[in-house]
Amino acid sequence: YLKTHEVREIERIEVEKMIAVAAGVAGVFDKERTMLMGAPNLPAWIGQPLKEAFERAFSAPVLLENDAALGGLGEARYGSRRGHDIVAYLAIGTGVGGARVVGGALDVRGFGFEPGHHIIDAKTRRTFEESVSGAAIEKRFGVKADTIRDPRLWDEIAEWLAIGVYNAALFWSPSIFVLGGG
């Protein structure tokens, strides 16, 4: 799961003594945040003792968290959205992740936030992520998103994005919404 070259890269980090490490990883963690339960882009890491492997590699305590959740936390605590009580954050990239930050801390949740997995098209059962993520755009239109020049395609993508953001605003009820990602 952690490939030999990945461990070697970790070992090359030069510091006198690491006090602790926070690692943002794309996927859904178990309740204790020691292993991934689901991660479409990291299938070999699913079910593996990641926290233990990172602690061994870094010789320090490790906190694992979803990468998009850490992005939302950063925006709420240190970005232009600091000072807002409830910040909703969506990261639109290869997939769609996000988080709800309340009072400067990640909101309590069972396993993690997966806002990209809510269904936004009942007829096709297509999810938010399957409508607006970079991977979905490439799959649907056969080209990478940054090469699309046809405004009609962007209008379609923008419509699905608006529906997903609207739904997230309804179930998270934030005082402010932040969009990030690629």
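Look a little higher up for the structure.
Residues numbered from 1 in each chain as written. Predicted model: local features only at pLDDT ≥ 70, side-chain atom pairs only at ≥ 80, totals over all residues. Heavy atoms only, no water.

Caption draft 1: View of the pattern of salt bridges. In this structure the tally under the stated criterion is eight salt bridges. For R33, the salt bridge identified is with E65, shortest N-O distance 3.3 Å. On the criterion of sequence distance, the pair formed by R33 in the loop between β2 (28-29) and β3 (36-38) and E65 in strand β4 (residues 62-66) is long-range, its members being 32 residues apart. In this pair, the class of R33 matches that of E65, namely buried. Here E156 ties to R140 by a salt bridge, and the two come within 2.3 Å at their closest N and O atoms. Within this pair, whereas E156 is found in helix α6 (residues 151-172), its partner R140 is found in helix α5 (residues 134-141), the two being separated by 16 residues in sequence. By relative accessible area, which is 27% here, R140 ends up partly exposed. Residues joined in a network through salt bridges with shared partners are R33, E65 and R109. (Salt bridge = Lys/Arg side-chain N within 4 Å of Asp/Glu carboxyl O. Helix = DSSP H or I, 4+ residues; strand = E, 2+ residues; numbered from the N terminus. Buried < 20%, exposed > 50% of the residue type's maximum accessible area, 1.4 Å probe, protein only.)

Caption draft 2: View of the sheet that holds strand β5 (residues 86-92). Strand order in the open sheet formed by four strands is β7-β6-β5-β10, and the pairing between neighbours is mixed. Single-partner strands in this sheet number two, and they are β7 (105-106) and β10 (176-180). This element, helix α3 (residues 67-78), spans β5, β6 (96-102), β7 and β10 of the sheet and lies at about 40 degrees to β6. (Pairing = 2+ DSSP bridges. Contact = heavy atoms within 4.5 Å. Axes fitted to C-alpha atoms, helices over the stretch in contact; angles between N-to-C directions.)

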